[in-house]
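Listed below, chain by chain, are the residues.
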Amino acid sequence: MSDEPQSSGGSVVIEMAELAPAADGRGRGEAPDVDGEATTPAPPPSLHRDRSDLPWTTSTAMSREERDEEFDRDMLHRAIADTGRWAYGTISVEAWVLDQNTGKLIRPKRAFWFDPVAVRGQQDNEALMRLVDPSREGFVSPDPLAPGVGLAGALWSELSDRTLFPAHGRRGHRRHNRTLSFGNVVADATGERHVAWREVEPISLDPDQPFNLRLKMAVQAGIGLAAGVKFDFRGQQGLVVYMARGTTDVEKLKSETNEQYLLSAAEVIGSIVCLRGARRRCLAERRAEREAAVRRVRHKMVAVIRLGGSFLKKSLETSEPVDVTAKPKPSLDEAGAKRSRGQRVWSFLVRRSKVLPAKWRGANNEPPPPFSTRESLWTFLGCFLTLVALLTFSEAIERTNQDYSLVLGPFGALMTLQYSLTAAPASQPRNAILGQAVSISIALLLNYTRTLSVVVKRSLGTALSIMLMARLGVTHPPAGAAALIYTGGGYDWVHMGISLAGNVVAILFAVVINDLNVKRQYPTSWGFGYWRKHVFNCNAGESKKN
């Protein structure tokens, strides 16, 4: 799917301008609403289209299915436009839907709103116009995104894989609960949910982030902050992305009223996305029933004409009356609920196997660009100096006690992260320290077991370490290597202390060497404040209340 606008009478209209303008706490003025009524002079013709010109209201040549689809698109973008209009600081809102067949995020047509007031004030911003004006040369279309690619893909990957919105339905539908997420919707210890805003520029500069032109254009267009709210409504998953300028007051963005509005609006948008398909299926079923009734009447009329009145009399005498009290046939959902567990598992495996070939072909993304010669030499210098310090540290320990030294295997991977993937989350100090502590602790505890073979012990220790790091949000590849080494035996808790000290030394060198380069920033976050903010402060607040 793409956001190419519908053309009417040979003219192409900017899709963004069909949506309602924003008027929020920043003092943006009123402009034509989504229904076409204006309280101030209308925007220029190139940025405005009256609702009476919408194809589904004027075109008689469109088929019924096309009119239904256009009605659904208009219903969706009106909800998105109203969301952006009343949310504080938001200059753009878009919705992305997960395609179950390809595993990619797709933005439905017209599921996008950009503040027309902001556009009118930045007509000379080439990047902005390439995002919002499909008629402009070099327009960057919103192509389907694999998870982790582009702004929406990056926000999607950060969100928890658990659903956020409860869906109440008939028997056979499970109940989804809002759960703790370490992504853009978080819940503190009291269960209160918050929308976490991310800076867009660091995402675009992340070396782990595949190149995405639309993400680069968003940064150049002045979009500095973004937040994603995931929805999962009756199995239809997707993401609502809110965007704001980098100069917006973050405290007001995070105000309780604004956050609750954004979360509630995401629920409404998610329900409309789910409603669209259900509504079209309902209309198709009703049309099929009407067409079947028309065919039956037509056939009877033809038979009457051919066979005469005697046949009509006999047909009336033998026709069975319609039983209006008869129970309808069970729906597909009710029928699916009655299937055995084995049939449901087999059906799931068949559906997923159809997606695999499409995923194996890749997401058609360009590989990241190579480092310049200067940056490569800086990486060499950082790795060399840090390893000299670590080896000197190891030799000093070995001279003191020959039974102990620094386990050097994981530090080669650590150098790669700190000097080649500086902005990657796995390279940050929190991940390095806590990831190593978790992995080595699990490995040493498993060494106390006597019944497990070496193969099982090393495999189990490494797998448990990686799983727990991912669950705690402290994934660190060198820690996985450390778990594999330590489960081999011959190490104790003193080795763990030495390894953690070595990580501290490596972090101190990386902080100094990377930050001497104007193009690098290390760390991007220390991350240790997360526990203080979401655990200790929350507990302190509860004790004060008590």
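Refer to the preceding data block for the structure.
In what follows, the accompanying structure is described. (Residues numbered from 1 in each chain as written. Predicted model: local features only at pLDDT ≥ 70, side-chain atom pairs only at ≥ 80, totals over all residues. Heavy atoms only, no water.)

Another point: the overall build of the protein. Looking only at helices and strands, the protein has 19 helices and eight strands in total. Counting every position in the protein, which comprises 546 residues, the buried fraction comes to 40%. Summarising the internal contacts of the protein: among those between residues at least 6 apart in sequence, 69% fall at separations of at least 24. Roughly 29,800 Å² of accessible area belongs to the protein as shown, and the carbon and sulfur atoms make up 58% of that amount. (Helix = DSSP H or I, 4+ residues; strand = E, 2+ residues; numbered from the N terminus. Buried < 20%, exposed > 50% of the residue type's maximum accessible area, 1.4 Å probe, protein only. Contact = heavy atoms within 4.5 Å. Areas by Shrake-Rupley, 256 points an atom, 1.4 Å probe, with all protein chains shown as cover.)

What follows covers the environment of Val117. Tracing the chain through its elements places Val117 in helix H3 (residues 116-120). Accessibility expressed as a relative area gives 27% for Val117, which makes it partly exposed. With 26 residues separating them along the chain, Val117 and Ile91 place their C-alpha atoms 9.2 Å apart.

On to the pairing of strand E1 (residues 90-98), then. Each regular strand shows side chains that alternate between the opposite faces of the sheet. Taken across its nine residues, E1 has nine buried, putting it largely inside the fold. Across seven bridges, E1 lies against strand E8 (residues 236-245) in antiparallel orientation. Looking at the pairing, Val97 lines up with Gly238 of E8. Two strands pair when backbone bridges link them, and E1 and strand E3 (residues 112-114) are joined in this way by three bridges, in the antiparallel orientation. Bridged to Glu94 within E3 is Phe112. Across two bridges, the pairing between E1 and strand E2 (residues 105-106) is antiparallel. Its bridge partner being in E2, Val97 is matched across the sheet by Ile106. Counted between consecutive antiparallel strands, the loop separating E1 from E2 contains six residues, among which Gly103 sits at a positive phi close to 75°. (Pairing = 2+ DSSP bridges.)

The residue after Tyr522, namely Pro523, is reached through a cis peptide bond having omega 0°. Tracing the backbone shows Pro523 in the loop between helix H18 (493-515) and helix H19 (529-545). If you check the backbone angles, Arg110 has positive phi at about 65° while not being a glycine. With respect to the helices, strands and loops of the structure, Arg110 is situated in the loop between E2 and E3.

This brings us to the packing of aromatic side chains. We describe a pair of aromatic rings using the distance from one ring centre to the other and the angle between the two ring planes. The tally for this structure, following the rule as stated, stands at three aromatic pairs. Aromatic pair Phe112 and Phe114: ring centres 6.5 Å apart, planes at 50°, arrangement tilted. No difference in accessibility class separates Phe112 from Phe114, as the two residues are buried. Both rings, one in Phe380 and one in Phe384, keep their centres 6.0 Å apart while their planes meet at 20°; by these two values the pair is stacked. Of this pair, Phe380 and Phe384 both sit in helix H13 (residues 373-400), four residues apart, which is roughly one turn of the helix. (Phe/Tyr/Trp six-rings, centres within 6.5 Å; stacked < 30°, edge-to-face > 60°.)

As a further point, take the pairing of strand E7 (residues 223-233). Within E7, nine of the 11 residues are buried, which leaves it mostly tucked inside the rest of the structure. With two bridges connecting them, strand E6 (residues 198-199) and E7 associate as antiparallel partners. Residue pairing for E7: Arg198 is matched across the bridge by Ala226. Direction of pairing for E7 relative to E8: antiparallel, over a ladder of 10 bridges. Looking across to E8, one finds that Val229 is bridged to Val240. Connecting E7 to the antiparallel partner E8 that follows it, the hairpin turn spans two residues, and Arg234 within it adopts a positive phi of roughly 50°.

The grouping of Phe380, Leu381, Phe384, Leu385, Val388, Val504, Leu508 and Phe509 at the surface amounts to a nonpolar patch, some 710 Å² of accessible area in total. Taken together, the elements giving at least two residues each to the nonpolar patch come down to H13 and H18. A per-element tally of the nonpolar patch places H13 first, with five residues. Locating Leu508 in the fold gives a position in helix H18. (Patch = residues over 30% accessible without salt bridge, like charges linked within 9 Å, V, L, I, M, F, W, Y side chains within 5 Å. Salt bridge = Lys/Arg side-chain N within 4 Å of Asp/Glu carboxyl O.)

Each α-helix turn comprises 3.6 residues. Residues three or four places apart therefore point the same way. With 12 residues, helix H14 (residues 409-420) should reach 16 Å at 1.5 Å per residue; the first-to-last C-alpha distance of 18 Å fits that figure. Along H14, the positions that sit buried rather than exposed are Pro410, Phe411, Leu414, Met415, Leu417, Gln418 and Tyr419. Tucked into the core, H14 has its buried residues touching H13, helix H15 (429-446), helix H17 (477-486) and H18. (Expected span 1.5 Å × (residues − 1).)

This part is about the packing of H13 against H18. Following both chains from N to C, one finds H13 and H18 inclined at 150°, their axes separated by 10 Å at the closest point. Comparing their axes, H18 and H13 come out roughly antiparallel. In the packing of H13 onto H18, the handedness of the crossing is right-handed. Of H18, the residues touching H13 (which contributes Trp378, Gly382, Leu385, Thr386, Ala389, Leu390, Phe393 and Ile397) are Ile498, Ala501, Gly502, Val505, Ala506, Phe509, Ile513 and Asn514. (Axes fitted to C-alpha atoms, helices over the stretch in contact; angles between N-to-C directions. Parallel < 35°, antiparallel > 145°, perpendicular 65-115°, else oblique. Left-handed = near helix turned anticlockwise from the far one by under 90°.)

What follows concerns the side chain of Arg214. You can see Arg214 is positioned in helix H7 (residues 213-220). We note that Arg214 is buried and unpaired, the nearest opposite charge coming from Glu94 at a distance of 4.7 Å. One polar contact links the side chain of Arg214 to the main-chain carbonyl oxygen of Leu131, over a distance of 3.4 Å. With sequence-adjacent residues up to four places away left out, Arg214 is seen in contact with Arg107, Phe112, Leu131, Val140, Ser141 and Pro142. (Lys, Arg positive; Asp, Glu negative; His and termini not counted. Polar contact = N/O pair within 3.5 Å; in protein donor to acceptor, adjacent residues only side chain to side chain.)

Next up on the list: the side chain of Arg430. Along the chain, the position of Arg430 falls in helix H15. One buried charged residue, Arg430, remains without a salt bridge, the closest side chain of opposite sign being Glu158 at 11 Å. Here the side chain of Arg430 touches Gly473 through a polar contact of 3.4 Å, landing on its backbone oxygen.

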